Amino acid sequence: MNFADTELVLGVLTNNGFGVTKELTDANVILLNTCSIRENAEQRIYGRLENLKKIKKEKPETIIGIIGCMAERLRKSLIEEKKIVDVVVGPDEYRRLPEFIDTALGGEKGIGVKLSRTETYDDIQPYREEGLSAWISVMRGCDKFCTFCVVPFTRGRERSRSLSTIISEIENLSQRGFKEITLLGQNVNSYNDDHYDFADLLASSAKVDSNIRIRFTTSHPQDLSEKLLYTIAENSNICNYIHLPVQSGSNRILELMNRTYTIEHYLNLIDKARRIIPNVSFSTDIIAGFPTETIDDYLMTIDVMQKVRYDGAYMFKYSPREGTKAFNMIDDVSEETKGKRLNNIIELQQKISFEINQSQIGTEEVVLVEGFSKKSDQHFSGRTDSNKVVVFPKNDEIKLGDYVKVKINSATSGTLLGELKINGTLI
Ligand code: 5AD
Ligand code: SF4
């Protein structure tokens, strides 16, 4: 989400005469786009600010800004506490960034933290370098109010962009040779532009260019519709991959989290998706150690992981966030217990991912060639429809952006390793 927002901010700034540099020391303005979702995300930003002190000392005229959720959450206090910060701008005030930077250049602090009910930046062309994969924000904000989550407070109410501008953006990316587009929103299933829902948007996106893979994230288990599942099944370039955060396996905890579904509903949805979309794969988000989580609640989470067998998971320790409902609950699971439960959850997921990947050995997978392996520039790296990373030896007939068939020979929990099937298999 922040990656997409950064492109948006660069779009606003380059339209206003700014240029982009990759060299920190060349920059007149340095903006940190921040996340508040967990305490450690904010701590990393404080670390970055410490490092920037040196630059500010050597070149005091450098403008340093904090944008994004931390700006929205901490507002003026960020400037009061961190003297090197000149600009603080929240997610709905990016249009006015040039103005706030000007204020800072004039020696005052530039602060813009109003949230909007309507801002979608629909008319702003994000600044995108050439590449194969692009993110497109299709909506902003969130109305779900999960009790642990700061997002509704930092990104405001839910609002959708119009389908037509999103489709024009995809058409433009298609002309530029992009091959993968990820539609983004905190809860894409409630996309609604007054005429069209998310399934309509996905179907229209898929029709723009059959050579572009369409992905999307994040889905909410309460709002994912049957229509959406059929749309995925009917369009071969919509990836058979659903990120469906479960958060916990215990109904009691889900209720305390205000997730608005039961685990039975969740598992039914997974079954239904598997029936409608053969080969669909799932990933999830899990929180360990939510207030009052007992060993039995934790074991229910383990149970769901074993039942669903996710292809991947993002797993976190519960982190209390000021202003949320859960912040007022007693954070009674000790750090040690949270840590142990999280480690067990991670270990189990690695085992499951390893087993699923091992079962792919011998199969042939269609892979979009996206780059080179991190370990060797003699190997290409790409991903399957179900988002698995595949590494295979480089071949001169193949270039980045091609779809190829790869036979899988071995696998780890994170990567499939294979060989190119050359004979007429370029797709
Ligand atoms: N503590 C831990 N994890 C959190 N998430 C959101 N808020 C918190 C929090 N306070 C996780 C959820 C969500 C993902 C984006 O981040 O699992 O799905
Ligand atoms: Fe946060 Fe819940 Fe909204 Fe996701 S759905 S952004 S976890 S409030």
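Thresholds applied
- Residues numbered from 1 in each chain as written.
- Chains lettered and ligands numbered in written order.
- Predicted model: local features only at pLDDT ≥ 70, side-chain atom pairs only at ≥ 80, totals over all residues.
- Heavy atoms only, no water.
- Near = heavy atom within 4 Å.
- Polar contact = N/O pair within 3.5 Å; in protein donor to acceptor, adjacent residues only side chain to side chain.
- Areas by Shrake-Rupley, 256 points an atom, 1.4 Å probe, with all protein chains shown as cover.
- Helix = DSSP H or I, 4+ residues; strand = E, 2+ residues; numbered from the N terminus.
- Nonpolar A, V, L, I, M, F, W, Y, C, P; charged D, E, K, R; others polar.
- Buried < 20%, exposed > 50% of the residue type's maximum accessible area, 1.4 Å probe, protein only.
- Pairing = 2+ DSSP bridges.
- Right-handed = clockwise from strand over helix to strand, strands pointing away.
- Axes fitted to C-alpha atoms, helices over the stretch in contact; angles between N-to-C directions.
- Parallel < 35°, antiparallel > 145°, perpendicular 65-115°, else oblique.
- Contact = heavy atoms within 4.5 Å.
- Phe/Tyr/Trp six-rings, centres within 6.5 Å; stacked < 30°, edge-to-face > 60°.
- Lys NZ or Arg CZ within 6 Å of the ring centre and 35° of its normal.
- Core = buried A, V, L, I, M, F, W, Y, C linked by side-chain atoms within 4.5 Å.

Asker: Go over the site of ligand 1, please, and point to the residues and values.
Answerer: Around ligand 1, a shell composed of Ile37, Arg38, Phe148, Gln247, Asp285, Ile287, Phe316, Lys317, Tyr318, Ser319 and Arg321 is seen. Between an oxygen atom of ligand 1 and a side-chain N or O atom of Arg38, the distance comes to 2.9 Å. Burial of ligand 1 by the surrounding chains reaches 87%, relative to a free accessible area of 400 Å². When residues of the shell around ligand 1 are traced back to their parent elements, those giving at least two are β11 (281-288) and β12 (312-317). Taken together, the residues of the shell around ligand 1 sort by class into 5 nonpolar, 2 polar and 4 charged.

Asker: Tell me what's going on with the pairing of strand β8 (residues 180-184), and back it up with residues and numbers.
Answerer: Taken residue by residue, a regular strand's side chains alternate between the two faces of the sheet. With respect to burial, β8 is a largely interior element, 5 of its 5 residues being buried. Side chains of β8 alternate between two faces, with Glu180, Thr182 and Leu184 and Ile181 and Leu183 buried alike. Here strand β5 (residues 133-137) pairs with β8 via 5 bridges, running parallel. Residue pairing for β8: Trp135 is matched across the bridge by Thr182. What joins β8 to strand β9 (residues 213-217) is helix α8 (residues 198-208), and the crossover it makes is right-handed.

Asker: Account for unusual backbone geometry, naming residues and giving values.
Answerer: Going from Thr217 to Thr218, the amide bond is cis rather than trans, its omega being 10 degrees. Position of Thr218 relative to the elements: it lies in the loop between β9 and α9 (226-234). In this model, Asn258 sits at a positive phi of 60 degrees, which is unusual for a non-glycine residue. Turning to its location among the elements, Asn258 is positioned in the loop between α10 (251-256) and α11 (263-276).

Asker: Would you mind going over the packing of α8 against α9 in detail, with residue names and values included?
Answerer: The relative placement of two packed helices is expressed as an angle between their axes plus a distance between the axes. As a packed pair, α8 and α9 sit with axes 9 Å apart at the nearest point and diverge in direction by 10 degrees. Taken as axis vectors, α8 and α9 run roughly parallel relative to one another. Every residue of α9 that contacts α8 at Phe198, Ala199, Asp200, Leu202 and Ala203 is listed here: Lys227, Leu228, Thr231 and Ile232. Split into classes, the residues belonging to the contact of α8 with α9 amount to 6 nonpolar, 1 polar and 2 charged.

Asker: Describe the pairing of strand β2 (residues 63-68), listing the residues and the values that go with them.
Answerer: The buried fraction of β2 is high, at 6 of 6 residues. Looking at chain direction, strand β1 (residues 29-34) and β2 are connected through 6 bridges and run parallel. Residue pairing for β2: Ile30 is matched across the bridge by Ile64. What joins β1 to β2 is helix α2 (residues 39-58), and the crossover it makes is right-handed. As judged from the 3 bridges shared by β2 and strand β3 (residues 87-89), these two strands associate in the parallel manner. Counterpart to Ile66 in the pairing with β3 is Val88.

Asker: Requested: an account of the side chain of Ser250, with residues and values cited.
Answerer: Tracing the backbone shows Ser250 in the loop between β10 (241-243) and α10. Among the residues examined, Ser250 registers a relative accessible area of 1% and is labelled buried.

Asker: Explain the packing of aromatic side chains to me, and be specific about the residues and the numbers.
Answerer: Here the structure, examined in full by the defined rule, presents 10 aromatic pairs. Look at Phe380 and Phe392: their rings are 5.8 Å apart centre to centre, the planes differ by 50 degrees, and that puts the pair in the tilted class. Of the two residues, Phe380 sits in strand β14 (residues 379-384) while Phe392 sits in strand β15 (residues 389-393), which places them 12 residues apart along the sequence. Note on accessibility: Phe380 and Phe392 belong to one class, buried. Here the aromatic cluster, defined as three or more aromatic residues joined through ring pairs, consists of Phe148, Phe290 and Tyr318. The ring of Phe316 has Arg38 sitting right over it, with the charged end atom 3.6 Å from the ring centre.

Asker: Can you tell me about the sheet that holds β12, naming the residues and giving the values?
Answerer: Spatial strand order, β10-β11-β12: 3 strands in an open sheet with parallel pairing. Looking along the sheet, the strands with just one partner apiece sit at the ends: β10 and β12. If you compare each strand with its neighbour and ignore which way they point, the axes differ by 10 degrees on average. As judged from the 6 bridges shared by β11 and β12, these two strands associate in the parallel manner. Bridging across to β12, Ile287 finds its partner in Phe316.

Asker: Which residues make up the side chain of Arg341, and what are the values?
Answerer: Positionally, Arg341 belongs in helix α13 (residues 335-358). Apart from residues no more than four positions distant in its own chain, Arg341 is found in contact with Ala288, Glu293, Thr294, Ile295, Tyr298 and Val333.

Asker: So what about the sheet that holds β8? Which residues, and what values?
Answerer: Judged by pairing direction, the sheet is parallel, and its 3 strands sit side by side in the order β5-β8-β9 without closing on themselves. If you trace the sheet from one side to the other, it starts and ends with β5 and β9, each paired once. Neighbouring strand axes in the sheet, compared pairwise and without regard to direction, differ in orientation by 25 degrees on average.

Asker: Give me the lowdown on the nonpolar core, citing residues and values where you can.
Answerer: Taken as a class, soluble globular proteins show a tendency for nonpolar side chains to be buried jointly. Formed by 67 residues in total, the largest nonpolar core has its most connected members in Val138, Leu183, Phe198 and Ile242. The leading source of residues in this core is α11, at 6 residues.

Asker: Tell me about the environment of Arg159, and please be specific about residues and values.
Answerer: Structurally, Arg159 is set in strand β7 (residues 159-160). Distance in space between the C-alpha atoms of Arg159 and Lys57 is 41 Å, their sequence separation being 102 residues. Within the structure, the side chain of Arg159 is placed 3.4 Å from the backbone oxygen of Ser116, a separation counted as a polar contact. A polar atom in the side chain of Arg159 sits 2.8 Å from the backbone oxygen of Arg155.

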